[in-house]
Amino acid sequence: MMNKKVDKVNHNPDDKHQVFETIHRLMHHFRARQYRFIQESGVDLTHMQHKVLGFFARHPAATLSDMVSYTGKDKAQIARLITEVRSKGLLDATPDASDKRISRLSLTPEGNKVFESLKTSEKELSELAVQGLSEEEYKTLLILLAKIKSNIATN
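Undergrad: For this particular structure, what's the right way to read the overall build of the chain?
TA: Regarding its fold elements, the chain presents seven helices and two strands. Counted from the first residue to the last, the chain has its helices and strands arranged as α-α-α-α-α-β-β-α-α. Here the C-alpha atoms of the chain give a radius of gyration of 19 Å, more than 25% beyond the 15 Å that 2.2 N^0.38 yields for 155 residues. Overall, the C-alpha framework of the chain stretches about 60 × 40 × 30 Å when taken along its three principal axes. Across the 155 residues that make up the chain, the buried fraction comes to 23%. For the chain, contacts bridging at least 24 residues in sequence account for 49% of all contacts bridging at least 6. Of the roughly 11400 Å² of accessible surface on the chain, a fraction of 55% belongs to carbon and sulfur atoms. If the 24 positive side-chain charges of the chain are averaged to one point and the 20 negative ones to another, these points end up 2 Å apart.

Quick look at the structure:
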């Protein structure tokens with residue numbers, strides 16, 4: 001844990017960049033806890049492999065190209081991640097009915113079990129993160145974050 005004096009050295013409440021520094025630190029803490037849970041669960045997944053698992057859980061029968069389009073990541077990187085997740089027995093491929101060159105990817109029963117477990121832990125972590133906020137504060141936070149997202153997306 002950082003010393004409070006050191007933590008506030010560059011803190012200027014008038015600096016609008018602080019919003020994103022805070023969001024970045026928050027997501028870093030969230031992802032670190034999430035990764036720790038993955039490791040403690042005995043599931044041998046990296047953060048990006050977890051993302052692959054989540055994508056195909058939410059988009060069953062999607063393709064490698066679908067994931068590349070969705071994420072904007074490099075096709076070779078996504079292909080490598082898919083291969084790694086498939087080798088763990090968490091993802092299965094079936095040929096597309098109209099074009100056998102295309103593989104449709106879905107979670108295996110084991111992959112679904114792992115994904116549901118990780119999703120439960122994320123929900124618990126999210127609930128921990130907002131504990132102590134009133135319902136009004138929680139709703140206000142969501143509204144403010146949506147405004148920030150909209151500002152970035154439309155400009």
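Now that the structure is up, let's keep going.
Undergrad: Where do I start with helix α4 (residues 64-71) in this structure?
TA: Given 3.6 residues per helical turn, the α-helix brings residues three or four places apart onto the same face. Those residues of α4 not exposed but buried are Leu-64, Met-67 and Val-68. One side of α4 carries all its buried residues, which in axial view fall inside an arc of 100°. Facing away from the buried side of α4, by more than 90 degrees, are the exposed residues Ser-69 and Tyr-70. Buried residues along α4 sit in contact with α3 (47-58), α5 (75-87) and β2 (103-107). Trailing α4 by a residue or two, Gly-72 shows a phi angle of about 75°, which is positive.

Undergrad: Looking at this structure, how should I read the packing of aromatic side chains?
TA: Given two aromatic rings, their pairing is described by the distance between the two centres and the angle made by the two planes. Taken as a whole, this structure holds two aromatic pairs when the rule is applied. When the centroid spacing of 5.0 Å and the interplanar angle of 90° are considered together, the rings of Phe-55 and Phe-56 count as edge-to-face. Ring plane angle 50° and centroid distance 5.3 Å describe the contact between Phe-55 and Tyr-70, whose orientation is recorded as tilted. You can see Phe-55 sitting in helix α3 and its partner Tyr-70 sitting in helix α4, a full 15 residues away along the chain. Take Phe-55: its relative accessible area is 3%, and that puts it in the buried class. Taking relative accessible area as the criterion, Tyr-70 reaches 57% and is therefore assigned exposed.

Undergrad: Where do I start with the packing of α3 against α4 in this structure?
TA: Axes are the key here: two packed helices are described by the angle between their axes and the distance separating the axes. With their axes 11 Å apart at the nearest point, α3 and α4 run at an angle of 110° to one another. What the angle tells us is that α3 and α4 run roughly perpendicular. Side by side, α3 and α4 meet where Lys-51, Val-52, Phe-55 and Phe-56 of the first sit next to Asp-66, Met-67 and Tyr-70 of the second. Of the residues in the contact of α3 with α4, the class split is five nonpolar, no polar and two charged.

Calculation notes
Residues numbered from 1 in each chain as written. Predicted model: local features only at pLDDT ≥ 70, side-chain atom pairs only at ≥ 80, totals over all residues. Heavy atoms only, no water. Helix = DSSP H or I, 4+ residues; strand = E, 2+ residues; numbered from the N terminus. Rg over C-alpha atoms; globule rule 2.2 N^0.38 Å. Buried < 20%, exposed > 50% of the residue type's maximum accessible area, 1.4 Å probe, protein only. Contact = heavy atoms within 4.5 Å. Areas by Shrake-Rupley, 256 points an atom, 1.4 Å probe, with all protein chains shown as cover. Lys, Arg positive; Asp, Glu negative; His and termini not counted. Charge placed at Lys NZ, Arg CZ, Asp CG, Glu CD. Arc of directions from axis to C-beta. Phe/Tyr/Trp six-rings, centres within 6.5 Å; stacked < 30°, edge-to-face > 60°. Axes fitted to C-alpha atoms, helices over the stretch in contact; angles between N-to-C directions. Parallel < 35°, antiparallel > 145°, perpendicular 65-115°, else oblique. Nonpolar A, V, L, I, M, F, W, Y, C, P; charged D, E, K, R; others polar.

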